[in-house]
Amino acid sequence: MAKGIVVILSGASSVGKGSIREKLLADKDMNLFFSISETTRPMKEGEVDGKDYYFVSHKQFADSVKNKELLEYTEFNGYYYGTPKAQIDFLVNKGKNVLIEVEAQGVGPIKLNIPESIAFFVMPTSFEELERQIHEIYKDDEASVQRRLNKAKMEMEIAPLFNNIVYNDDVDKACAQIKEIVMKEMEKRNDE
Ligand code: 5GP
């Protein structure tokens, strides 16, 4: 049995990675399972512990780092986020594909550890549109808006380093583009 494929989904904050992720995970052909990150940020309304994230304390996060349980981790907007390694190994060894959603800095360490992974960078149709969305989502917190905008600028600058850039002007179109590339890779690995 061929090992599963690790699919990395990255892109600026508020660019619509979440909708793309949900649609891809719901597509049975893709045999795709979500890599649940650990985070120290508080749970938002509607989120479920163990589904959206593992919501952990600083002490628990520090232990995961110390015990080398994370493939990569980063600090974002005052909180820590990290990708647990064990669940990814478990899934790919069972032939399942795994979707890891990370901000741009997480992509490098994952590619280094899993060179055969495929990274997709989701770009907004325009910076102005992204700015509008960030203002809409974080309207009560100007400092957060500014931090997210600065980070988005930096992330869009490094986007050309990724081999697969997906423009999110239409979620269905973006998902179809990702699906085509992943399905081709699945066929290739099954033939090997
Ligand atoms: P949010 O707080 O909006 O859920 O996530 C903030 C950012 O952190 C998003 O861009 C998301 O993709 C990213 N993120 C979530 N989990 C991880 C992770 O495990 N590692 C890294 N590097 N980024 C993550």
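In this text the structure is predicted, and so the values were computed from the model without any measurement.

**Q** Quick question: what am I supposed to make of the layout of surface pockets here?
**A** Over the atoms, a rolled probe matching the size of one water molecule traces out where space is still vacant. Taken as a whole, the largest pocket holds about 760 Å³ of empty space. Along its surface, the largest pocket is lined by 30 residues, and K17, R41, K44, Y53 and E101 are the ones closest to its centre. For the lining of the largest pocket, the secondary-structure elements that each account for two or more residues are helix 1 (17-26), strand 5 (70-76), strand 6 (79-84) and helix 6 (142-158). Counting residues per element, the lining of the largest pocket draws most heavily on helix 1, at 4 residues. By residue class, the composition of the lining of the largest pocket is 9 nonpolar, 9 polar and 12 charged. Its volume calculated, the second largest pocket comes out at about 220 Å³. Around the second largest pocket sit 15 residues that line it, and K3, D89, V92, I114 and E116 are the ones nearest its centre. Counting residues per element, the lining of the second largest pocket draws most heavily on helix 3 (residues 85-93), which supplies 5 residues.

**Q** What's the story with the nonpolar core in this structure? I'm lost.
**A** Considering soluble globular proteins, one finds that nonpolar side chains tend to be buried as a cluster. Among the nonpolar cores identified, the biggest contains 46 residues, and I20, I100, F120, I178 and V182 are the most heavily contacted of them. In terms of residue count, strand 8 (residues 118-123) provides more of this core than any other element does, 6 residues in total. When near neighbours in sequence (up to four residues on either side) are disregarded, I178 contacts L9, I20, L24, F120 and V166.

**Q** How do you make sense of the site of the ligand when you look at a structure like this?
**A** The immediate surroundings of the ligand are formed by 15 residues, with K17, S37, Y53, E72 and Y81 found nearest. Between the ligand and G82 there is a distance of 3.1 Å, counted from an oxygen atom to a backbone nitrogen or oxygen. The cavity that encloses the ligand is the largest pocket. Of all the elements in the fold, those that place two or more residues in the shell around the ligand are strand 5 and strand 6. In terms of residue class, the shell around the ligand is built from 4 nonpolar, 5 polar and 6 charged.

**Q** Explanation requested: helix 6 in the structure shown.
**A** An α-helical turn contains 3.6 residues, so any two residues separated by three or four positions project in the same direction. Spanning 17 residues, helix 6 covers 25 Å between terminal C-alpha atoms, matching the ideal 24 Å at 1.5 Å per step. Within the span of helix 6, buried status applies to S144, V145, R148, L149, K151, A152, E155 and M156. Along its buried surface, helix 6 packs onto strand 1 (6-11), strand 5, strand 8 and helix 5 (127-137).

**Q** What exactly am I supposed to notice about the packing of helix 1 against helix 7 (residues 171-191) here?
**A** Two numbers describe a pair of packed helices, the interaxial angle and the distance between the axes. Across the interface, helix 1 lies against helix 7 with an axial gap of 10 Å and an inter-helix angle of 55°. It follows that helix 1 is oblique to helix 7 by the angle criterion. Regarding helix 1 and helix 7, the two cross each other, and that crossing is right-handed. Between helix 1, through S19, I20, K23 and L24, and helix 7, the contact on the second element is made entirely by V171, D172, A174, C175 and I178.

**Q** Just to check I follow, could you spell out the packing of aromatic side chains for this structure?
**A** In this description, a pair of aromatic rings is defined by centroid distance and the angle of the planes. Going through the model one piece at a time under the given rule, you end up with 5 aromatic pairs. For the ring pair F76 and Y81, a centre distance of 6.0 Å and an interplane angle of 75° mean the geometry is edge-to-face. On the accessibility criterion, F76 (12% relative accessible area) is buried. On the accessibility criterion, Y81 (13% relative accessible area) is buried. Among the aromatic residues, ring-to-ring pairing joins Y53, F55, F76 and Y81 into one connected group. The ring of F34 has R21 sitting right over it, with the charged end atom 4.5 Å from the ring centre.

**Q** Looking at this structure, I do not really get the packing of helix 5 against helix 6. What am I missing?
**A** The geometry of helix 5 relative to helix 6 is characterised by a closest axis approach of 10 Å and an angle of 150° between their N-to-C directions. One element, helix 5, and the other, helix 6, form an angle in the roughly antiparallel class. In the packing of helix 5 onto helix 6, the handedness of the crossing is right-handed. Where helix 5 abuts helix 6, its residues F127, L130, E131, I134 and H135 lie against E142, V145, R148, L149, A152, K153 and M156. Of the residues in the contact of helix 5 with helix 6, the class split is 7 nonpolar, 1 polar and 4 charged.

What counts and what doesn't
- Residues numbered from 1 in each chain as written.
- Predicted model: local features only at pLDDT ≥ 70, side-chain atom pairs only at ≥ 80, totals over all residues.
- Heavy atoms only, no water.
- 1 Å grid on protein atoms, 1.4 Å probe; cavity = no way out; pocket = protein on both sides within 12 Å on 5 of 7 lines; lining within 4 Å.
- Points joined across faces, edges and corners; volume = space filled by probe spheres on them.
- Helix = DSSP H or I, 4+ residues; strand = E, 2+ residues; numbered from the N terminus.
- Nonpolar A, V, L, I, M, F, W, Y, C, P; charged D, E, K, R; others polar.
- Core = buried A, V, L, I, M, F, W, Y, C linked by side-chain atoms within 4.5 Å.
- Buried < 20%, exposed > 50% of the residue type's maximum accessible area, 1.4 Å probe, protein only.
- Contact = heavy atoms within 4.5 Å.
- Near = heavy atom within 4 Å.
- Polar contact = N/O pair within 3.5 Å; in protein donor to acceptor, adjacent residues only side chain to side chain.
- Sits in = over half its atoms within 2 Å of the grid points.
- Expected span 1.5 Å × (residues − 1).
- Axes fitted to C-alpha atoms, helices over the stretch in contact; angles between N-to-C directions.
- Parallel < 35°, antiparallel > 145°, perpendicular 65-115°, else oblique.
- Left-handed = near helix turned anticlockwise from the far one by under 90°.
- Phe/Tyr/Trp six-rings, centres within 6.5 Å; stacked < 30°, edge-to-face > 60°.
- Lys NZ or Arg CZ within 6 Å of the ring centre and 35° of its normal.

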